[in-house]
Every structure is written in C-alpha cells, then in structure tokens.
Amino acid sequence: EAGVVQSPRYKIIEKKQPVAFWCNPISGHNTLYWYRQNLGQGPELLIRYENEEAVDDSQLPKDRFSAERLKGVDSTLKIQPAELGDSAVYLCASSRDRALYGYTFGSGTRLTVV
Amino acid sequence: RKEVEQDPGPFNVPEGATVAFNCTYSNSASQSFFWYRQDCRKEPKLLMSVYSSGNEDGRFTAQLNRASQYISLLIRDSKLSDSATYLCVVTSPGGNQFYFGTGTSLTVIP
C-alpha cells in the first residue's frame, strides 16, 4: 500500500510570494489532515477534510491560507502571500473515518521563507 | 491551557538504560491516546496506541492513567536506534481531533 505522498519535499521562496503544497492520501482514506510543525514543536492542525468537505478549519489563517480537496482525494494547501513566520514543515496525513488507530503522515514539505 | 503537556527533555541515557516519558492532558473526556516517534527531519510515525489496561510491544510499554490524566511510555534496554523525539497524542472526545505534545527528545549514548 502506497503511503501518503506529498510534494514538493522542500521549497524556498521569498516573502510575499505564493506557494502551494500537494498531498495524495492513502487510497480509501476519506479523512485528510493538513498540519504545520514548527521547529521544536508538535504538529498543529490547520484543516481536516472528510471527503471533500472541510469539517474543521478553525486553525487555518484564512487571510492568507487556503485549501481544497475538490474530488475528495488529493488536496492542495496554498499560502498567498507567504510571510517569514510561515517557515515550517507542512505535513499531510490521512485516515479512515475517525482514526481510531492513529493515522499516517506523509514525508512533509519543508518551507523556508526568506 | 494546552490540551497536552510534555517535558521536552532532552533525555540523554546510556545504552541499556530504562527511560520513561510522561504526558499530561487537560480534557478528561479525551477518547484515544497514542505515542508517535519522529526521527530528525522525518515525519512522525505511529509507535503504539495507549490503552487503559496498559500495553506492551517488545521493549516498549505504554500506560494510561485516566484518573490522573496522564500517559506514559517506558523504554527498557535502550538501543542507539531509539534516539528520536517521542510525541504523545491525545484525541478529542469525539476522536476527530488529534492534539500533539511538543515531543521529548531522547539520545541514547554508546
């Protein structure tokens, strides 16, 4: 079974530029999560999808962040414009329903804003 | 108040030592509990679930104390390969939301 696939692995951009991250979840996993992990911290949820519906986006900074999962499979997270403080690792995870047995992360995208 | 609190360490222990990590959580109605392991510059990976009755997987033992609202992870006979950051995870009452601790850094020294 292929794992959660994320791209790109690394991204360096100048502040005020846009950036997008892509995630393809494990086949059959209807729930998809985007997390942000700052250095020395645990991951923090940005948005959770159940199929194509964003059911929890309370922690997503909506002034500059957006996400979509149009067909309920892969998803894109976008930042526009990026700020220096957005430098972090952006992790995608997926699970079946309520993740009673934990869920699987992708390898993440390490974003550096300069 | 944070949903989950975890001592960041670092813990530096010699090979063969026993080491224990604890995590406390704030919501008594939290449903599920896990320990994740994260290697440097890698994604977190599920290490084990934590059950009320306690559970063991080889050298690793996880325990949950609902009355005191903490979970623990015990590693016996530490190996060099155990060096990593260990993240505790607590879910919301509905199980939909995962809350991660800041992680505890472990270095096993030869």
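Here the structure is a predicted model, which means the values were calculated and not measured.

1. Focus on the state of the cysteines
- Taken as a whole, this structure holds two disulfides over all chains when the rule is applied.
- A sulfur-sulfur distance of 1.9 Å marks the disulfide that ties A:C23 to A:C92. On the sign convention where negative is left-handed, the bridge of A:C23 and A:C92, at about -70° about the S-S bond, is left-handed. One end of the pair, A:C23, is in strand β3 (residues 19–24); the other, A:C92, is in strand β9 (residues 88–95), with 69 residues separating them in the sequence.
- Looking at A:C23, the relative accessible area reads 0%, which means it is buried.
- Owing to a relative accessible area of 0%, A:C92 belongs among the buried residues under this scheme.
- Sulfur-sulfur distance for the disulfide between B:C23 and B:C88 comes to 1.6 Å. Taking the sign of the S-S torsion, about -45° here, the bridge from B:C23 to B:C88 comes out left-handed. Of this pair, B:C23 sits in strand β3 (residues 19–25) while B:C88 is found in strand β9 (residues 84–91), placing the two residues 65 residues apart along the sequence. As far as the burial class goes, B:C23 and B:C88 line up, both buried.
- No disulfide involves B:C40; its sulfur sits 20 Å from the nearest other cysteine sulfur, which is in B:C88.

2. Examining the sheet that holds β3(B)
Residue and element names in this part refer to chain B.
- Strand order across the open sheet formed by five strands is β1-β3-β8-β7-β6, with antiparallel pairing between neighbours. Edge strands, defined here as strands with exactly one partner in the open sheet, are β1 (4–6) and β6 (55–57). Neighbour-to-neighbour, the strand axes of this sheet turn through a mean angle of 20°, independent of strand direction.
- Relative to strand β8 (residues 70–75), β3 is paired through six bridges, and the arrangement is antiparallel. Considered in β8, the bridge of F21 is made with L73.

Basis of the calculations
- Residues numbered from 1 in each chain as written.
- Chains lettered and ligands numbered in written order.
- Predicted model: local features only at pLDDT ≥ 70, side-chain atom pairs only at ≥ 80, totals over all residues.
- Heavy atoms only, no water.
- Disulfide = S-S within 2.5 Å.
- Helix = DSSP H or I, 4+ residues; strand = E, 2+ residues; numbered from the N terminus.
- Buried < 20%, exposed > 50% of the residue type's maximum accessible area, 1.4 Å probe, protein only.
- Pairing = 2+ DSSP bridges.
- Axes fitted to C-alpha atoms, helices over the stretch in contact; angles between N-to-C directions.

Interpretation in functional terms is not warranted from these geometric data alone.
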